[in-house]
Amino acid sequence: MNRLLILLGFCMAQLGCASQVVNLRICDALTQTPVSDVKVTLSISHPPKEFFGSRWLERKEITEHKEDVFRFSYPLNRDLKCLVTTYKKGYYYTNYELSNEKSTTDSVDLTLYLKPIQQPISLIAFNWWGEDVKFIYKENKNVKQYDCLKADWLPPDGEGLKADMEFSLQRYNKNGKTYAWFSIRFINPHDGFEEVTEYYADGMRIREAPAMKNLQNQLDFIEELHDGFPTHFPPLKNYAFRVRTQQTPSGELLSAYYGKLYNAFTFNYVRDYWACDFEYYLNPTPNDRNLEYNGRSINMQSAMCDNNMITGLSRIFTVETRS
């Protein structure tokens, strides 16, 4: 460990940049107790070596300095991006982006909390990325319907049986400008979305569907068109949702299926049509809000990995193409 600190210090001196020492402790997020035998990795993203090159990544494994403490140093340089990743079997990994601001003290005490894997189950799951389901501009809106339990579009676009969601695209003119209106709505008025912004963990964004008392039944994306194309991409969001909701006459919930949508909704544009992609998970058991995916899709022969189980370095180290 001391050799690593010396090596990092030498490299920083050569680069002419300051460094920051960190004393890292890792605890269980539920019990607040220290967690041992954790794999800790320091990742340093460097600027391109060539004008048209890409950023390159340097990774260093950090060993335990003393009981329950990982001590390491990282460079303070605004051209660098530093991230520490922690992982232990039975927990979801945690990423933490390190500050470029020099501390007023010689070292910084940092505690990261690992979220435990609790009850992972197989889910109905499908990633529509690359499936290229087209919504073509027509005089009347172009409509396609989706079966959430079968995870497929209704004919002629798929083999779905019951429509839960309706996707539509239309183009209209207003005040001399042309707009595209893409709409996603739940057919059952008691079904709907709820945006989830607080992740359970880096490796599991939505572990359990919330109670969802204030559902949004429809999402609308209205974009101005220039030469047939939208001016920008709508923001990607994550949603919990419920479908096939049954209620008592007094409005109490009797039954529902719960699911989640990741990166909703991704659009690819061509002059005559939009293609809509999304990542989709649904618990097949009514009234069970558990959405902790074990990587095995009920409706697919091969396993589909929750993209949140892939290290989240790309969120920090790659250039974002969306506005």
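Going by the structure above, here's the rest.
Described below are features of the structure shown in this document.

Analysis parameters
Residues numbered from 1 in each chain as written. Predicted model: local features only at pLDDT ≥ 70, side-chain atom pairs only at ≥ 80, totals over all residues. Heavy atoms only, no water. Phe/Tyr/Trp six-rings, centres within 6.5 Å; stacked < 30°, edge-to-face > 60°. Buried < 20%, exposed > 50% of the residue type's maximum accessible area, 1.4 Å probe, protein only. Core = buried A, V, L, I, M, F, W, Y, C linked by side-chain atoms within 4.5 Å. Helix = DSSP H or I, 4+ residues; strand = E, 2+ residues; numbered from the N terminus. Contact = heavy atoms within 4.5 Å. Pairing = 2+ DSSP bridges. Axes fitted to C-alpha atoms, helices over the stretch in contact; angles between N-to-C directions.

A short note on the packing of aromatic side chains
Point 1. Evaluation of the coordinates by the stated rule reveals 30 aromatic pairs.
Point 2. When the centroid spacing of 4.7 Å and the interplanar angle of 90 degrees are considered together, the rings of Phe51 and Phe52 count as edge-to-face.
Point 3. You can call Phe51 exposed: its relative accessible area is 74%.
Point 4. Ring geometry for Phe182 against Phe267: centres 4.8 Å apart, planes inclined by 65 degrees, an arrangement best described as edge-to-face.

Observations regarding the nonpolar core
Nonpolar side chains in soluble globular proteins tend to be buried together.
Point 1. Formed by 35 residues in total, the largest nonpolar core has its most connected members in Tyr146, Phe167, Phe182, Phe265, Phe278 and Tyr280.
Point 2. Elements with a minimum of two residues in this core: strand E8 (121-127), strand E12 (165-174), strand E13 (177-186), strand E15 (218-226), strand E17 (237-247), strand E18 (253-270) and strand E19 (273-282).
Point 3. Per-element tally for this core: the top contributor is E18, with 6 residues.
Point 4. Sequence-distant contacts of Phe167, that is, excluding residues within four places in its chain, are made with Phe135, Asn142, Val143, Lys144, Tyr146, Trp153, Phe182, Ser183, Ile184, Phe265, Cys276 and Phe278.

What about the pairing of E15?
Point 1. Side chains Leu219, Phe221, Glu223 and Leu225 project from E15 onto a buried face, and the interleaved Gln218, Asp220, Ile222, Glu224 and His226 project onto a face without burial.
Point 2. In this structure, E15 lies alongside strand E16 (residues 229-230), joined through 2 bridges in antiparallel fashion. Following the sheet pairing, Leu225 is matched in E16 by Pro230.
Point 3. Here E15 folds back onto E16 in antiparallel fashion, the turn holding 2 residues, of which Asp227 has a positive phi close to 55 degrees.

Some details on the sheet that holds strand E7 (residues 107-114)
Point 1. Taken together, the 3 strands give an open sheet; going across it, the order is E4-E1-E7, and neighbouring strands pair in mixed fashion. Unpaired on one side and paired on the other, strand E4 (70-76) and E7 mark the two borders of the sheet. When the angles between neighbouring strand axes are averaged without regard to direction, this sheet yields 35 degrees.
Point 2. Where strand E1 (residues 18-28) and E4 come together, 7 bridges link them in antiparallel fashion. Across the sheet, Ser19 pairs through a bridge with Pro75, a residue of E4.

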